[in-house]
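These are the residues of each chain, in order.
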Amino acid sequence: MDLFSRTNLLIVAFAAVSFFLLIAGVRALRLGSRTIYFRHRRQRVLAGWWMTGAGLLLAMVALFMFRALENPLETAPTAAPALPSATAAPSPTSTATLRPTRVVTQTPNATPTPHLPLSLEIMVVSSVTPQISATIGEIVFSEALQDNFPVGNRTEFFNPIRRMYASFYHTHMTFGSQFTTLWFRNGELVYFQSGPWQFGGRGREASLWEPAPQEWFPGEYEVQFFVGTEWKATGQFKVKGEPPLPTSTPTLTFTASPSETPTAAPTATPSKTPSATPSVTPTPAN
């Protein structure tokens, strides 16, 4: 009797806690749906779902315990041992007992969901709340675009590379909502773009990264897409081959040449004016 009393008290406690958690979860969900700020709204909705889920779980546990008390296991009656027969004696047989083998399976570690770094999250300045149904998909990498569509579809590129487009298809995007792309090389952030969304709600757009050619080092590259602060999609590609060496730009130097010594202008030498020829005066005859 004491055991059943304790079990009943535990069922009542579980039911009461489940009831309060369900009420608090529904209230948090209603308050979250009325909040205009995206971050506060997400926190309240998430807390509401956690409390609602915990309340449902406790309610299921209380229900199972209650049903176990309603239908206790009945002990099967034990049969009377059979008397040994006097005519036939049982022959001794050896039975082999098989031990079950324990198979240990190793579960792979769960891949963490990408998130915005704190230094970039504080840069989110858009006041427009994005739609929860916004999607990013069909990510294609290409070195050129034609009519806003990628030229080719590859996942491996070889140096030299000038630029890279991460083309993607989007739906349910809200004009003015925050949109961020993060570019990683071997797990290290090397470039990012963040700002209000300036395009339509559905279509294909592209994110461009155009560093210097000598900065395209070989390795694994990854591009992550965020709408608001929520991760939407990730694309990967590889770069192989060494990048070209940086070319040095020749500098022009000016050397002063010696100035030419000006030659003196020739001076005119005055020429002697010939004297006038004396005229002959006739002498009168005597």
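What counts and how
- Residues numbered from 1 in each chain as written.
- Predicted model: local features only at pLDDT ≥ 70, side-chain atom pairs only at ≥ 80, totals over all residues.
- Heavy atoms only, no water.
- Helix = DSSP H or I, 4+ residues; strand = E, 2+ residues; numbered from the N terminus.
- Buried < 20%, exposed > 50% of the residue type's maximum accessible area, 1.4 Å probe, protein only.
- Patch = residues over 30% accessible without salt bridge, like charges linked within 9 Å, V, L, I, M, F, W, Y side chains within 5 Å.
- Areas by Shrake-Rupley, 256 points an atom, 1.4 Å probe, with all protein chains shown as cover.
- Salt bridge = Lys/Arg side-chain N within 4 Å of Asp/Glu carboxyl O.

Colleague: So, the environment of Pro-117: which residues are in play, and what are the values?
Modeller: Here Pro-117 is to be found in the loop between α2 (38-70) and α3 (118-121). Overall, the relative accessible area of 28% leaves Pro-117 in the partly exposed class. Sequence separation of Pro-117 and Thr-229 is 112 residues, and the distance between their C-alpha atoms is 9.8 Å.

Colleague: Any details on a nonpolar patch on the surface? Residues and values, ideally.
Modeller: A cluster of nonpolar side chains, namely Leu-118, Ile-122, Met-123, Leu-189 and Phe-192, defines an oily patch on the protein surface of about 500 Å² accessible area. Along the polypeptide, Leu-189 turns up in strand β7 (residues 188-196). You can call Leu-189 partly exposed: its relative accessible area is 35%.

Colleague: How would you explain the pattern of salt bridges if you had to name every residue and give the values?
Modeller: Counted according to the given criterion, the structure contains 6 salt bridges. Of the charged contacts in the structure, one is a salt bridge between Glu-156 and Lys-240, with a shortest N-O distance of 3.5 Å. Here Glu-156, found in strand β4 (residues 156-158), pairs with Lys-240, found in strand β10 (residues 230-240); they are 84 residues apart in sequence, far enough to count as distant. The exposure class of Lys-240 is partly exposed, given its relative accessible area of 35%.

Functional significance is not addressed by these values, which are geometric in nature.
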